[in-house]
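# Architecture at a glance
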Amino acid sequence: MQPLAGLRVLDLTWHIAGPYCTKLLADYGASVLKIERPAGGDPARAAGPFPGDIPHPERSGLFLHLNTNKQSVTVNIKTDAGQEIIRQLVRESDILVESFAPRVLPCLGLDYPALSKINPRLVMCSISNFGQSGPYRDWKATNFTIEAMGGLPSCTGDPEFEPLKQADHLMEYLGGQAAAAAIMGAALHQRWAGVGQHIDLSLYEVSAACADRRMTGLLGYQYTRQIADRVPNLPTALPYGYFAASDGFACFIVAPPARWTRFMDMIGRPDLKAGQRFHDPGFWSTPEAKEEMDLLFYPWLSDRTKQQAFEEGQKHRIACCPVNTAADVLTDPHLSARGFFQHADHPEAGLLPYTGPSFRLEREGFALRSTAPLLGRHNSQVLGGTLGLSPQELAVLRATGCI
Amino acid sequence: MANLPLSRIRVLDFTLIWAGPHAVMMLGDLGAEIIRVESTNHHITNTRGFVAKPTKDLVKRLGYLGSLYADLDPKDQPWNRHAMFNSMGRNKKSMTVDMTTTEGRDILYDLIRISDVLVENNAVGMLARFGLGYEDVRRLNPALIYMSMPIFGLAGPYKDYLGFGVNGDAITGVLWQRGYPGQDIPSAGVGNYMDAASGVTASYAVMTALFERDRTGKGQFVEFCQLEHLVTQIGGPIMDAAMNKRALGSTGNRDPIRAPQGFYPCQGHDRWIAISVGPDAEWAALCLAIAQPALEHDPRFADPFLRHANHDALDTVISAWSRTLDARRAMEHLQRHGVPAGMAAQDPDVLEDPQLAAREFFHQKHHAATGTYRFPGHFYKMSATPPRFDTPPPLLGEHNAYVYRDLLGKDDAAIRHLVERGHIGTAYTENMK
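Criteria and cut-off values
Residues numbered from 1 in each chain as written. Chains lettered and ligands numbered in written order. Predicted model: local features only at pLDDT ≥ 70, side-chain atom pairs only at ≥ 80, totals over all residues. Pairing = 2+ DSSP bridges. Helix = DSSP H or I, 4+ residues; strand = E, 2+ residues; numbered from the N terminus. Axes fitted to C-alpha atoms, helices over the stretch in contact; angles between N-to-C directions. Contact = placed C-beta atoms within 7 Å. Domains from an automatic or database assignment. Parallel < 35°, antiparallel > 145°, perpendicular 65-115°, else oblique. Left-handed = near helix turned anticlockwise from the far one by under 90°. Core = buried A, V, L, I, M, F, W, Y, C linked by C-beta atoms within 7 Å. Buried ≥ 20, exposed ≤ 12 C-beta atoms within 10 Å, placed from the backbone.

Here we come to the sheet that holds strand S7 (residues 261–265) of chain B. Pairing is antiparallel across the open sheet formed by three strands, whose spatial order is S7-S8-S9 (chain B). Two strands lie at the open edges of the sheet, namely S7 and strand S9 (341–343) of chain B, each paired on one side alone. With strand direction ignored, the average angle separating the axes of adjacent strands in the sheet is 20°. As defined by bridge partners, strand S8 (residues 272–276) of chain B adjoins S9(B) across three bridges and the pair is classed as antiparallel. The residue bridging B:Ile273 from the neighbouring strand is B:Met343, located in S9(B). Its contacts with the sheet put helix H6 (residues 143–150) of chain A on S7, S8 and S9 of chain B, and the angle it makes with S9(B) is roughly 20°. Its contacts with the sheet put helix H14 (residues 327–336) of chain B on S8 and S9 of chain B, and the angle it makes with S9(B) is roughly 165°.

Laid out in structure tokens, this is it:
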């Protein structure tokens, strides 16, 4: 049995942060019911990438990736009947996750005070850009502006250029993870203490407290008045950063200088280990040291592919790796041997590889039970079955655009 | 103590650098008792500082991260003064023990018998060398949840390979998706996003195992392969590679759909504002905000696709407007007009931000070795069980008395013996490794 089997999640989120949160829950066994707008559904269905770059709401790679193991029901929550359906579903749920702008759900009578009256044990998690309070509550934001305000781009990239954002939509992914962690804490409390509660997650705060240099930087600045700056490759004598191999780039982290003997072994010059000056720690911070090591390292690396350099470096206990493209990742021998990607067939998108476990449990953990749902695929099953609506009632809801 | 979700859970913390300490911190926020297992005989680089006892001169010469000692002065307890450790040290206790001796191992066995969770992110096999691998300790406590966080996992051709966060970004394709278009990879800068991602989901992983233990009564092993976890965060590019047999590189700060999007220069050295405009309504708002109403109906910029095609021309106009403005004022001005915009904040901007102040994001705490500072807080608020910030980062060995006396029931004579044997202490020893 999967660890979260029996945990019932009502999912009123879309795009990345919320769906990544509920994917983490669904992949480990929770029953996730995804509520989508009747017209078009989750905007991630329009985001792509699409096979052959031809848009199709059931073939968006982003949507397919983020919505494995979920069920889809379409509900227009702007209608009275739609709101009643949500209230009915809240009675049958342990967890509700939503990512509306903070003003929306109170206007619809679906905020935490209202829903907790229906189900006092409910754990409700609201994911928003700036949180449910404060002067920026209603400000507009995207992954890009949220990341900028948290400070990561200011210390990422090249000081000669402008700040640089992270890959893709990583702050939204990070927000989704943080929401999942908070929800699991609240779910344990729900189980052990019988208490429900509201979680208020701010993507801005996730961005500001990001463990990649931000938490440390915010305290470090108070310690030293140094601002975290953009750093390309470090100017250390031994390689620290990204360097050109014959077919692309490789990443080498050889600092601290204590690793220099491994470096000499790696480049095939064990004879140099006899050199007296290398034994003086002072040598390694001189410009001559850098020049000398560069002359040894660059030709060695340019004679090898990034993958060859990786495997040879690792044989000598050097922390190195290739700079991979997504296509390289898909064919990586290590991930293949671990069976990480799992192929599954989808009625509209066909056979595709899906990412596997975010982590592995000794007993049953991750499972790819189903691919992403077609829009409204579970309307009859959930509204007819779970809520017991008659076929006539369903027909009325359909005719009025409610589902 | 308040009744928090994990108040009855005790975690033994064998973690280092960022990813592991962050995971454990998130469990402590939710109430778990965290006992950091440290040793006065072994200093781990970039955990409690760069080296155990750096000179003031070395601190000056270290790179940015290495140099983050309070007042740039290591003083006589540098291991208690470094921002990498201290920023993630809240709610943790610290004990010392020399796990390389059988005496130390047996002390840890006793602790494992009374703990719920063990978390470690050491080099693969390190703890097993000292009889502290999962197979060694599971019999002591069948309810124990033991999580290892190897970058490459415990099986597969790379299982014995070494790596840090910087490597993780590179090998997963995250680095490939970051960078300035037309520039080589090194300009993308050294980053450690994997460290940010791993800890958060790792705390979630422990809690799923606790949830399962509630049903089965059994503990288990959790393999948190940081590489695999990070790949789940670039699902779009992975699907593109699978569907279309290609690997598109970084679009830099631009967005495939939203335009204009980018950093625009502001008044002062290296000050910038991020602007991200999508639908036509936001475009109209931007034109008004930058006092260029005619631009809204300029045929070059009539829809998001045209704005994307003519991005450079648009950047020139926006930069001319932003260049004379203070970044924070520009952000507030654009937001008043309904334009998604945010300053490219640096540390002081975040520390002074009104939104974070209103939400009491920072926690002012006194720390014995450094003084009073504002520590960055939590990712979320909870109405019934607010995440805690009870205690500042622990000094090395600060909680030895609690662990040895209160938890393990050692008497004065036994404690004196353990001090003599180099287990109990509050300073790194002279002949440490």
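What follows continues from the structure just given.
Split into domains, chain A comes out as domain 1 (8–212 + 337–399) and domain 2 (240–321). Its C-alpha centre places domain 1 of chain A at a distance of 45 Å from the equivalent point of domain 2 of chain A.

Attention shifts here to the packing of helix H1 (residues 19–29) of chain B against helix H8 (residues 193–216) of chain B. Residues and elements named next belong to chain B. Packing of H1 against H8 brings their axes to within 7 Å, and their N-to-C directions diverge by 45°. What the angle tells us is that H1 and H8 run oblique. Crossing of H1 over H8 shows right-handed handedness. Across the interface between the two elements, Ala19, His22, Ala23, Met26 and Leu27 from H1 touch Asp195, Ser198, Gly199, Val200, Ala202, Ser203 and Val206 from H8.

Now for the nonpolar core. In this structure, A:Leu25, A:Ala182, A:Ile183, A:Ala250, B:Val206 and B:Ile273 are the most contacted members of the largest nonpolar core, which totals 257 residues. The element best represented in this core is helix H7 (residues 170–193) of chain A, accounting for 14 residues. Beyond its immediate chain neighbours, meaning those up to four positions away, B:Ile273 contacts B:Phe263, B:Tyr264, B:Cys266, B:Ser322, B:Ala327, B:Ala330, B:Met331, B:Ala341, B:Met343 and B:Ala344.

Take the domain arrangement of chain B next. Often the size quoted for an interface is simply the accessible area lost on bringing the parts together. For chain B, the assigned domains are domain 1 (10–232 + 360–420) and domain 2 (261–346). Relative placement of domain 1 of chain B and domain 2 of chain B: their C-alpha centres are 42 Å apart.

Here we come to unusual backbone geometry. Here the amide bond leading from A:Gly48 into A:Pro49 is cis, since omega sits at 0°, within 30 degrees of zero. Along the chain, the position of A:Pro49 falls in the loop between strand S2 (31–36) and helix H2 (61–66). Backbone torsion omega between B:Ala259 and B:Pro260 reads 0°, so that peptide bond is classified as cis. Locating B:Pro260 in the fold gives a position in the loop between helix H10 (235–244) and S7. Even without being a glycine, B:Asn46 presents a positive backbone phi close to 65°. Tracing the sequence through the fold places B:Asn46 in the loop between strand S2 (33–38) and helix H2 (56–61). For B:Asn46, a count of 17 C-beta atoms within 10 Å puts it in the partly exposed group. Even without being a glycine, B:Asn91 presents a positive backbone phi close to 60°. Along the chain, B:Asn91 falls in the loop between helix H3 (83–87) and strand S3 (92–96).

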